[in-house]
Amino acid sequence: MIPAPRDAAAGRTGPPADAGQDQATRWALAARGGDPPTQAAFVRATQVEVWRFAAALVDPDSADDLTQETYLRAFRALPGFQGRSSVRTWLLGIARRACADHLRTVVRRRRLDERLAAEAHTGRPHPDPAGQLGAADLVHRLPAERRAAFVLTQLLGLSYAEAAAVEGVPVGTIRSRVARARTDLVDAVGDALAG
């Protein structure tokens, strides 16, 4: 449970009063210093609106995760928040970008799944570098994580950064997986040729 904000007028700590700012904005400005009760008060003052916004833009099932992502981004950016606009405006802008990023990822994954399914069911002959195995057979032998990184970057032409966004991992992880996949494929071709 998030503790209730403390009232400055009652001799307890709280954000300074400013007639031009709403309470949530004052909590946000006070939360920049890293005080956990003040940060909790800021979240409590804005969380319902952020959740409703995310649920409306994406769907209620994703709203919890998107709300959490919004606050992760907001707390990273909070030191730069100056209070020139309402914190709600600022925070809902962050929520909108988090939702847009989420939807782009969902669409990318759906398109990738459709492309992979279409490629798997085309029945087209694939070049056979080993003379015994099809390229699809070689790729399917790769471990799942390496196969995904390899297909995204080498077959579908996504950049390493785009593949990292699709897989939700750092770019270096994608580079490593692709390098290992290439080694695995070279070894598989060598084994097939040796026979």
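First things first, this report covers the structure right here in the doc. Quick caveat, the model's predicted, so the values are computed rather than measured. (Residues numbered from 1 in each chain as written. Predicted model: local features only at pLDDT ≥ 70, side-chain atom pairs only at ≥ 80, totals over all residues. Heavy atoms only, no water.)

**Quick word on the side chain of Thr-67**
Relative to the helices and strands, Thr-67 is located in helix H3 (residues 60-77). Not counting residues up to four positions away in its chain, the partners in contact with Thr-67 are Gln-47, Val-50, Trp-51 and Ala-54. (Helix = DSSP H or I, 4+ residues; strand = E, 2+ residues; numbered from the N terminus. Contact = heavy atoms within 4.5 Å.)

**Observations regarding the packing of helix H6 (residues 144-155) against helix H7 (residues 160-167)**
Running from N to C, H6 and H7 point in directions that differ by 140°, and their axes come no closer than 9 Å. You can see that H6 and H7 cross each other, and the crossing is right-handed. Seen from H6, the contacting residues are Ala-148, Leu-152, Thr-153 and Gln-154; seen from H7, they are Tyr-160, Ala-163, Val-166 and Glu-167. Taken together, the residues of the contact of H6 with H7 break down into five nonpolar, two polar and one charged. (Axes fitted to C-alpha atoms, helices over the stretch in contact; angles between N-to-C directions. Left-handed = near helix turned anticlockwise from the far one by under 90°. Nonpolar A, V, L, I, M, F, W, Y, C, P; charged D, E, K, R; others polar.)

**Considering helix H1 (residues 23-31)**
Counting buried residues along H1, seven of its nine residues qualify, which places the element largely inside the surrounding structure. Looking at H1, one finds that the buried residues are Ala-24, Thr-25, Arg-26, Trp-27, Ala-28, Leu-29 and Ala-31. Two or three places before Ala-24, at the start of H1, stands the capping residue Asp-22, its side-chain oxygen 3.1 Å from that residue's backbone nitrogen. (Buried < 20%, exposed > 50% of the residue type's maximum accessible area, 1.4 Å probe, protein only. Polar contact = N/O pair within 3.5 Å; in protein donor to acceptor, adjacent residues only side chain to side chain.)

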